[in-house]
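Structure at a glance
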Amino acid sequence: MSSTIPLALASLSDKLTPQEALSGIFGSISLATWIFLLVPQLILNYKTGSAEGISLIFISVWMVGDITNLSGAIWADLVPTVIALAIYFCFADLVLISQCLYYKKINARKQSVVSIESEEEPLLARRRSSDIGLPGSHRRRSSARSGPERRDSLTKILEDEEEGEGNAWLRNTLSILGVIAVGTAGWAIAWQAGVWKATPEEGEIPAASADALGAKILGYISAVCYLGARIPQIHKNYTEKSCEATAEMQLTTLLMASLPAVASAAGTLGFALGAKNTDGTCKQSTDYAADFKTLSSHSKLVRTYAASQCDTAANILPAAKSAGFQVILGIWPDTDESYAADKAAVVKYAPQYKDQVYAITVGSETMYRGNFTGDTLLVKIKDMKTATGGAFKVGTADSWNKYQDGTADPLIKGGADILLCNAFSYWQGQTLTNSTASFFDDIMQAFGHIQAVAGSTTTGPELWVGETGWPTGGSNYQNAVPGVANAQAYWQQAICGILDWGVNVFSFEAFDEPWKPVSVGQDGSVADETHWGIWNSDRSTKFPVTC
């Protein structure tokens, strides 16, 4: 069993990273675990012929949650596997409820018969039964009785119990390993058959459209039911001072079902990386190698802005190959000259370092600046896709509101492969207290509109947060105050927070760029862009970079 996951990883192609593989394996294990979740409880009820320890209210509320989950999945047109799993859950709930009602009725009849027999039985017989009856009476009297026969009986009972407990632990352990093996094997088969693909479906936040309102309401109802369903069972266990009727394996399986899903849900972190050194000179391959050494323990992905500026593509790609990094190459299309130069650099170097090029972005906030419309930018994107032979994902990066207001709709409909959404609470003049909520809301609006236009949360362009961050120095911008402590707080709450929700994000930026000139913000205020690095320009640490 311990070799199952390594064997699965060993069969990967070069196009699938270990991170992608582990995400698929964990997700498959989670799926297998949810499928087997109620099986231990169903078996325990059958073996004991009783479901007295199960709270019928718990199961009923849980089933309401599963029904609303199924209804919402159908309404939102989720993938067939989600709908099929929801149907299975409803069926399993129905079987468990049927067991509870059936055994309750059967045991009520048995209790009635025992009660009648007890009333008609002679008192002497009842006294004798206390001496030779249930094992419990032997335990109570064992200290007061002598004789080998009684001692042997007690020893046998205790040995049976200890043996049963040991066997239960062994069975549970083997069952857990079996579920893990099934989940891993299922992923491996799906991968080899081409059913499971490595193409990420990042950043899938439910569409914030009116059409999905009903599905969202059902989702909230389902969540409330799932969260509250355990309360009646916990109360019943507390009242009866027992958990014997609740299958240990079911509780262990429930925990297993949740942990892999959490592990596989985290988003991917990347960093925006400048092309110049502290003194404004162009970076060489050795400079990028030093950058990658600092970043390697936190990320293996960076994005750039202009492939020909400072010979970025020529210098960064060899360094990326040596360090095991991937790069999003940028094209600056604002002038014909810059577009032609960047295009030539990408066409020349990207095929030489195919495994290092994650994607290509045409433009950075060009629609926000008004240099391009969605239609005119789409022409450039299609041109780059043609020029690179369709070998790379091609898209753009722009401000979140250009996706939310429909400006970028032609890109969504026209075949852009990847869209990066920039969102800065700082440049909106937000206080630190409100910055994370503002950032999350901006991204949800942008992603929601994109997915609504695409017609699904599982198809359409790959979505990323293209830029976000908080400066450690410089001047205030409206209510936004720079500083190391504020930048660290934003990192923990906003960037780490959205990663936890499974959204991929590029932090702006990796290192300070003191060579940049002072610019002016949208409201005319000074806009200092020299202190946005997570690290100082000399790559020294500003604050702990952990999530």
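Structure's up top.
The notes below deal with the structure included here.

Thresholds, definitions, all that
Residues numbered from 1 in each chain as written. Predicted model: local features only at pLDDT ≥ 70, side-chain atom pairs only at ≥ 80, totals over all residues. Heavy atoms only, no water. Pairing = 2+ DSSP bridges. Helix = DSSP H or I, 4+ residues; strand = E, 2+ residues; numbered from the N terminus. Axes fitted to C-alpha atoms, helices over the stretch in contact; angles between N-to-C directions. Contact = heavy atoms within 4.5 Å. Buried < 20%, exposed > 50% of the residue type's maximum accessible area, 1.4 Å probe, protein only. Right-handed = clockwise from strand over helix to strand, strands pointing away. Disulfide = S-S within 2.5 Å. Core = buried A, V, L, I, M, F, W, Y, C linked by side-chain atoms within 4.5 Å.

1. Things to note about the sheet that holds strand β7 (residues 462–468)
Think of a sheet as strands paired side by side through backbone hydrogen bonds, with each pair either parallel or antiparallel. Reading around the circumference, β1-β2-β3-β4-β5-β6-β7-β8 is the order of the eight strands in this closed barrel, with parallel pairing throughout. Looking at each pair of strands side by side, their axes are set apart by 30° on average, direction ignored. Helix-sheet contacts for helix α18 (residues 432–454) involve β6 (418–422) and β7, and the interaxial angle to β7 is about 150°.

2. Quick look at the pairing of β7
A large share of β7 lies buried, amounting to seven of its seven residues. By the bridge criterion, five bridges tie β6 to β7 in an arrangement that is parallel. Bridge pairing in β7 places C421 opposite V465. This β-α-β element, β7 to helix α19 (residues 484–500) to strand β8 (residues 505–507), shows right-handed connectivity.

3. Thoughts on the side chain of E513
You can see E513 is positioned in the loop between β8 and β9 (519–520). Accessibility expressed as a relative area gives 6% for E513, which makes it buried. When neighbours within four sequence positions are excluded, E513 is seen to be in contact with G274, A275, E529 and T530.

4. Focus: the state of the cysteines
Within this structure, the stated rule accounts for two disulfides. Shown here is the disulfide that connects C282 with C310, its sulfur atoms set 2.1 Å apart. One quick way to see it: the torsion about the S-S bond of C282 and C310 is about -60°, and its sign makes the bridge left-handed. Of the two residues, C282 is situated in the loop between β1 (269–272) and α11 (285–295) and C310 in the loop between β2 (301–303) and α12 (312–323); the sequence distance between them amounts to 28 residues. Given a relative accessible area of 31%, C282 falls into the partly exposed group. Look at the chain and number its bonded cysteines as they come in the sequence; the links are 1-2, 3-4.

5. Here we look at the nonpolar core
In this structure, F292, L317, L411 and W491 are the most contacted members of the largest nonpolar core, which totals 76 residues. In terms of residue count, the dominant contributor to this core is α19 (eight residues). The residues touching L411, leaving out its near neighbours within four places in the chain, are M367, G374, L377, L378, I381, T396, A416 and L419. Judged by nonpolar contacts, the second largest core, of nine residues, contains I328, A397, W464 and F506.

6. So, the pairing of β6
Among the five residues that make up β6, five are buried, leaving the element largely enclosed by the rest of the structure. Covered by surrounding structure in β6 are I418, L420 and N422 together with L419 and C421, the residues of both alternating faces. Bridge count for strand β5 (residues 394–399) against β6 is five bridges, and the pairing is parallel. Residue pairing for β6: A397 is matched across the bridge by L420. Each parallel crossover has a hand, and for β6 linked through α18 to β7 it is right-handed.

Note that all results are geometric; they support no functional claim without further evidence.
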